[in-house]
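Residue-level structure breakdown
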Amino acid sequence: MDIDEPTPDANSPTDLMLDAPEEHIVEPNGAESDDVAIIDPDAMDTDELRRADDFEAMKSFVLPPLSEEPRILDDQVNTWTIEGWRTLNKKEHGPTFEAGGSPWRILLFPYGNNVDQCSIYLEHGFPSNSVPDDWSCCVQFSLVLWNPDAPTNFWHHTAHHRFTKEESDWGFTRFLEVRKMFNLPWEGSDRPLVENDRAKITAYVRVVEDETGVLWHNFNNYDSKKETGFVGLKNQGATCYLNSLLQSLYFTNAFRKAIYKIPTEEDSGLSNSAYTLQRLFYQLQTSSQAVGTNELTKSFGWETRHIFEQQDVQELSRKLMEHMEAKMKGTEYEKVLPQMFSGKIKTYISCINVPYESSRIEDFWDVQLNVSGNKELLESFQDYINVEKLDGENQYYAGEEYKLQDANKGVIFQSFPDVLHLQLKRFEYDIQRDTMMKINDRYEFPEEFDAALYLDKDVDKSESWEYQLHGVLVHSGDLNAGHYYAFLKPNKDGWWYKYDDDKVTKATKREVLEDNFGGPFRAPNGQIRTMAQKKTPIMRPNSAYMLVYIRKSKLDDILTPVTEQDTPEHLHRRFDEENAAREARRKEREEQHLYLGVKVISEKTFGEYGGVDMTCFEPTSEKDPGAPQYYRMLRTATMQELVEKVAADLEKDPRHVRLWIMVNRQNKTIRPDQPVMDLRPTVEDTFSRAAAHRDQSLRVWAEVAEDIDADGEAVWPTYQGQSNGVIVKNDLILLFLKCFDAESQTLKGIGHTYISKEKKVEELLPVIMKKMEWEKLASDEKIQLWEEIKPNMIEGLKAKQTLKAAELQDGDIIVVQKIHERKSRLGGLGDSKASEEPSKPLDRFEEPRDYYEFLMNKKQVHFRPHPQKCDPEQHKSFELVLNTKINYDRMSEKVAAELGVPATHIRFYTVNATSGNPRTAVKRGTQMQTLHSILFPSQYSQLNMNQRNDCLFFEVLDISLAELDTKKGIKVTLLSEGLTKEDAYEILVSKSGQVEDLIEGLVKKAKIPSEEEGGKIRLYETSNHKWFRDLERDYPVISINDYTSLIAERIPKEELEAKDQTFYISVLHFQNEPSRLHGVPFRFLLKEGEKFSDTKKRLEKRTGFKGKSFEKIKFAVVRRGQFSKPQYLNDDDILWEVAASEDDYLGLDHVDRSRSLRNGVGDLFLRG
């Protein structure tokens, strides 16, 4: 094979001709270029030319150190002397030699393997068909072609490869152009490379240890479970970050046990994320293949767009912990997760010269450590607890007693959790580029470290605080595109494993540590690799992003074995049931070709069916009583066996049941054709003989005999078999009867009958009266008969006409209608006079032909409350079967009747087929507008192609649609409980109205106390999460900006009472960086001389944040400058003085828990 270019998908010489460039890739310094190192003799030291017969010197030259640094098991050098080069065959083998306990030989194509260059390979020397099945050998090798009479003339290539039974050879299809081999001179020498048809080829073979079993593995047919005992997780699209975290938590065995303890037996639905996480962990324990995370992400409430958006591992970890902790509330295990993952940290300001300290202790679930400016983990910890000295102009105010004092400010750990999650801050904001950037600096972390150095001096240290590395979560790539995977150590002692989505492999310590320190690539000799042209270091794309350490004294508790008994019993049962069902489906699929489906219409299903023909053979989503009965029969089963099965379900004697074959007529109806009288053929033979069938199943009608002879045999009206075996067909025809009831607007089957073709239509009346159980008709009642020829052809029958003249035949359908004489259009049987009738709505039908037309145009439409404009608790979703010919007003009437609201107060919206969200409002048009034109717009375009044609959203308005045209809809967010509760409303205000009118409309819509009762309300605009302006009450609503957000709130009492209304500061929310704004901004009243500790009390009341939610907020003054850093505030600061400029903001630094769109996808959230 040609590996002149280091392509990972290169193959063996059996591939023959390969597409590859003619030019060689030459490394001037002779270093290895990924898989291949190609050495140019021109680049050699000309003062002392190397000699190909100096094998030791050549070995060190052609076999450079490997980046993986595997242990060398054996080095062998073997030389093949070739005489008579021009007389060689197309393909030649060198002598066999041994290296690393396996036989090897050189494979030579002297004139090229379908190329114009000499091709040379190394292959194993096992005899044909005797290669061990599981044999593999990792080899670094070099092939040197040289002149035995001029050893300084040589050419070589180097590669490494994992040789297996399947990949038995590896080498160089384009080793050297044939013409160059015989050219004189050779590369500056006065002699050719191949001289007098003589040459030597030396193979340098270095067998190295395959410590992990996957060195240079191509992973074809790789089985993670077989090789490691563990399985991976499937990537749904961009969920590698989720997979790496889940594997880390799974192998934190105590966490797995805690998850199993969450009570889910009573709530074992797939919308419960605790239950789906239990299922995921159980599958990781028991499955032999990679496990999917679809159930888990669906229980989180994630949609497809969330699956393809990478999120932050740290944020996911925190939210998952909070979510599972909430699931454990109220159980005996509610403190398990905090005890396992949560520590305590103290933030303090301690005076140096007086006994005064201000401090607070908080819980933490992970520690974020700076990478930038630190070389290794311990430096970052020291940086984290570094003390800042407050002196000079920055002295600390220690109260009235001590005034201004020199002080130390910092943080110190009070305790560390048993499982310590360390987040390495690899992503930081770059001021120069004005964007987030990944820090690729080298940053080392140890296998073990002592955390006691970073604990408060008063902490109990009688038990060791040493920690051992358990997991390394890695990010490979940059900010915009990357991949996550994890290295984990499942047991206290033993191997590390790499969990890369669905693939699990053993890993060396070098792969876990050195390869994930980041920084530039280093050669095995320690030198930094550089780009050939620019001499700049080649940076590793992969580096550790999150580290998991376990306290050494708690290792046995955290990594405690998880047994079958630890898993919930209902999980066992559920998976046993699912596996059994899956196995049954698999067996059914495998045996599918042995079976044939049979669809059977019976008198019962015909009686329940209300559509055209005798049934609908298409599968329905729900169990339809009018659908045919389905049987799965062996193709080799006889028709007798089928009859017995059908008869058993009908609770009849098989002798009294016969089956009629259903056929497709030319008018596209499906009717019985003739009965199956010979029951000896197989089901498949009968299906094959059935004419013009378009179904993959055999379709039949099951007839039950009405007359039985003395011997218990059925007496069939027609096609009766005789004693001599002859089947007699008389003049009787089989007709099916349906009844249309105009009062109930229903159509249903009432049975079948046999009648002579010579009889008149009116002679059907006694049969009909008997089947309908009508004793006699009233004086003003008549029976009208119609023939259902096909759905759009329903013809009236004349009473005096014979059935033969009416062209009736076996399988035809007669529709019966009892009518009052005044309503008759045909005047009863044979009467063609039409009576006058009042106009009727389009969804009310007096005759079968109109009803059949409705059946052709009917459509089930789903109506849903608008998610933003309608209360789903007050108005539920529902479905209506409607005639697509009705107009907008009639549809409104039908929906209004369902909702119990005025029809004039309903507005409809079309539905986006992709997202399921509302599209545009449907405009009420002329009488020509129909439900069909609304669901299937005539202006068919790419825009309308994305519209669902079976669903509409509805909104119940406070005013009529006509009045709506005079209004302007304005979206207002009402803050009813500080900032903790946001309620969105759309208020309709007259286009000539003012903000005063908008406030009145909000009070009415939100059903809140009036301003007289609850206090004054103000409206203000915000833009990009910043306060913009207050709106005066006489401001015209028509001028309100559509591109700002409108906020409504009660004016706080302290502002109403304030004498000076000029001293306000704008407040905004951000997360870590002022550029990451979120939440609802507001204006806050400043008080001169007020300590910030008192200001915070007012802010707590103003915002409505309480308890831990408020305690987690950090407060800072944010300057308007684009790149300014926030100035964080202490309790003794005075905001009046710190915020000196009118352009300063008060910033609340806390986690963004909103779900506003970011990069087209909502922020990370977990529901369920």
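See the structure printed just above.
Notes on the structure follow.

Basis of the calculations
- Residues numbered from 1 in each chain as written.
- Predicted model: local features only at pLDDT ≥ 70, side-chain atom pairs only at ≥ 80, totals over all residues.
- Heavy atoms only, no water.
- Helix = DSSP H or I, 4+ residues; strand = E, 2+ residues; numbered from the N terminus.
- Buried < 20%, exposed > 50% of the residue type's maximum accessible area, 1.4 Å probe, protein only.
- Contact = heavy atoms within 4.5 Å.
- Areas by Shrake-Rupley, 256 points an atom, 1.4 Å probe, with all protein chains shown as cover.
- Pairing = 2+ DSSP bridges.
- Salt bridge = Lys/Arg side-chain N within 4 Å of Asp/Glu carboxyl O.
- Axes fitted to C-alpha atoms, helices over the stretch in contact; angles between N-to-C directions.
- Phe/Tyr/Trp six-rings, centres within 6.5 Å; stacked < 30°, edge-to-face > 60°.
- Lys NZ or Arg CZ within 6 Å of the ring centre and 35° of its normal.
- Expected span 1.5 Å × (residues − 1).
- Polar contact = N/O pair within 3.5 Å; in protein donor to acceptor, adjacent residues only side chain to side chain.
- Arc of directions from axis to C-beta.

1. Points about the overall build of the protein
Check the secondary structure of the protein and you find 30 helices and 57 strands. Across the 1168 residues of the protein, 48% fall into the buried class. Residue pairs at least 24 apart in sequence account for 66% of intrachain contacts in the protein once pairs closer than 6 positions are excluded. Element-wise, carbon and sulfur atoms account for 46% of the exposed surface of the protein, whose accessible area totals about 58,600 Å².

2. Considerations on the sheet that holds strand β53 (residues 1114-1118)
Strand order across the open sheet formed by five strands is β52-β51-β55-β53-β54, with mixed pairing between neighbours. At either end of the open sheet lies a strand with only one pairing partner, and these are β52 (1073-1085) and β54 (1127-1128). Judged from the seven bridges that link them, strand β51 (residues 1064-1071) and β52 form a sheet pairing that is antiparallel. What sits directly across from His-1069, in β52, is His-1078.

3. Some details on the pairing of strand β24 (residues 496-500)
Taken across its five residues, β24 has four buried, putting it largely inside the fold. One ladder, built from three bridges, connects strand β23 (residues 482-488) with β24; its direction is antiparallel. Among the inter-strand pairings, Ala-486 is bridged to a residue of β24, identified as Tyr-499. Summarising the sheet, β24 and strand β25 (residues 503-507) pair through five bridges and their orientation is antiparallel. Each bridged residue has a counterpart across the sheet, and for Tyr-499 the counterpart in β25 is Val-504. Counted along the chain from β24 to the antiparallel partner β25, the turn is two residues long, and its residue Asp-501 has a positive phi close to 55°.

4. Observations concerning the pattern of salt bridges
Considering all chains together, one arrives at 71 salt bridges under this definition. Between Arg-318 and Asp-366 there is a salt bridge; the shortest N-O distance is 2.9 Å. Placement of Arg-318 in helix α9 (residues 313-328) and of Asp-366 in the loop between β12 (357-364) and β13 (367-370) is noted, with a sequence separation of 48 residues between them. By relative accessible area, which is 30% here, Arg-318 ends up partly exposed. Asp-950 is the salt-bridge partner of Arg-948, the closest N and O atoms lying 2.9 Å from each other. Arg-948 gets classed as partly exposed once you look at its relative accessible area, which sits at 22%. Residue class for Asp-950 comes out partly exposed when judged on its relative accessible area of 21%. The network of salt bridges with shared partners includes Asp-613, Arg-665, Arg-671, Lys-738, Glu-788 and Asp-812.

5. Comments concerning the sheet that holds β12
One open sheet accounts for four strands, arranged β12-β11-β17-β14; its pairing is antiparallel. Each of the sheet's edge strands pairs with one partner strand only, and the pair in question is β12 and β14 (388-390). Geometrically, the sheet is characterised by an average inter-axis angle of 25° between neighbouring strands, direction not taken into account.

6. Considerations on the packing of aromatic side chains
Scanning the entire structure with this criterion turns up 53 aromatic pairs. Note on Phe-445 and Phe-517: the rings are 5.0 Å apart at their centroids and 90° apart in plane angle, and the pair reads as edge-to-face. You can see Phe-445 sitting in the loop between β20 (435-438) and β21 (448-450) and its partner Phe-517 sitting in the loop between α13 (509-512) and β26 (542-551), a full 72 residues away along the chain. The pair Phe-445 / Phe-517 is uniform in exposure class, with both members buried. The ring of Tyr-595 has Arg-632 lying over it, and the distance from NZ or CZ to the ring centre is 3.8 Å. Sitting above the plane of the Trp-1027 ring, Arg-1083 keeps its charged end 4.2 Å from the centroid.

7. Overview of helix α6 (residues 273-286)
Between the first and last C-alpha of α6 there are 20 Å, a value that for 14 residues agrees with the 20 Å anticipated at 1.5 Å per step. In terms of burial, α6 is a largely internal element, twelve of the 14 residues being buried. When α6 is considered as a whole, its buried residues turn out to be Ser-273, Ala-274, Tyr-275, Thr-276, Leu-277, Gln-278, Arg-279, Leu-280, Phe-281, Tyr-282, Leu-284 and Gln-285. On its buried face, α6 sits against α3 (224-228), α4 (240-250), α5 (253-260), α7 (294-299), α9 and α15 (569-590). Of the residues flanking the start of α6, the one acting as N-cap is Asn-272, its side-chain oxygen 3.1 Å from the backbone nitrogen of Ala-274.

8. A look at the side chain of Arg-658
If you trace the backbone, Arg-658 turns up in strand β29 (residues 657-664). Engagement of the side chain of Arg-658 in a polar contact is seen with the backbone oxygen of Thr-718, the distance being 3.0 Å. Setting aside residues no more than four positions away along its own chain, Arg-658 makes contact with Pro-675, Met-677, Trp-701, Ala-702, Glu-703, Trp-716, Thr-718, Tyr-719 and Tyr-754.

9. Structural notes on the environment of Ala-254
Mapped onto the elements, Ala-254 comes out in helix α5. Along the chain, Ala-254 and Ile-558 lie 304 residues apart, while their C-alpha atoms are 4.9 Å from each other.

10. Description of helix α25 (residues 995-1006)
Between its terminal C-alpha atoms α25 stretches 16 Å, which fits the 16 Å expected from twelve residues at 1.5 Å a residue. Those residues of α25 that sit buried are Val-995, Leu-998, Ile-999, Leu-1002, Val-1003 and Ala-1006. One side of α25 holds all its buried residues, which, seen down the axis, span an arc of 140°. Among the exposed residues of α25, those oriented more than 90 degrees off its buried face are Glu-1000 and Lys-1004. Where α25 is buried, its residues meet β46 (967-975), β47 (982-990), α26 (1011-1014), β48 (1017-1023), β49 (1026-1031) and β50 (1045-1050). One or two residues past the end of α25 sits Lys-1007, with phi positive at roughly 55°.

What is shown is where atoms sit, not what they do.
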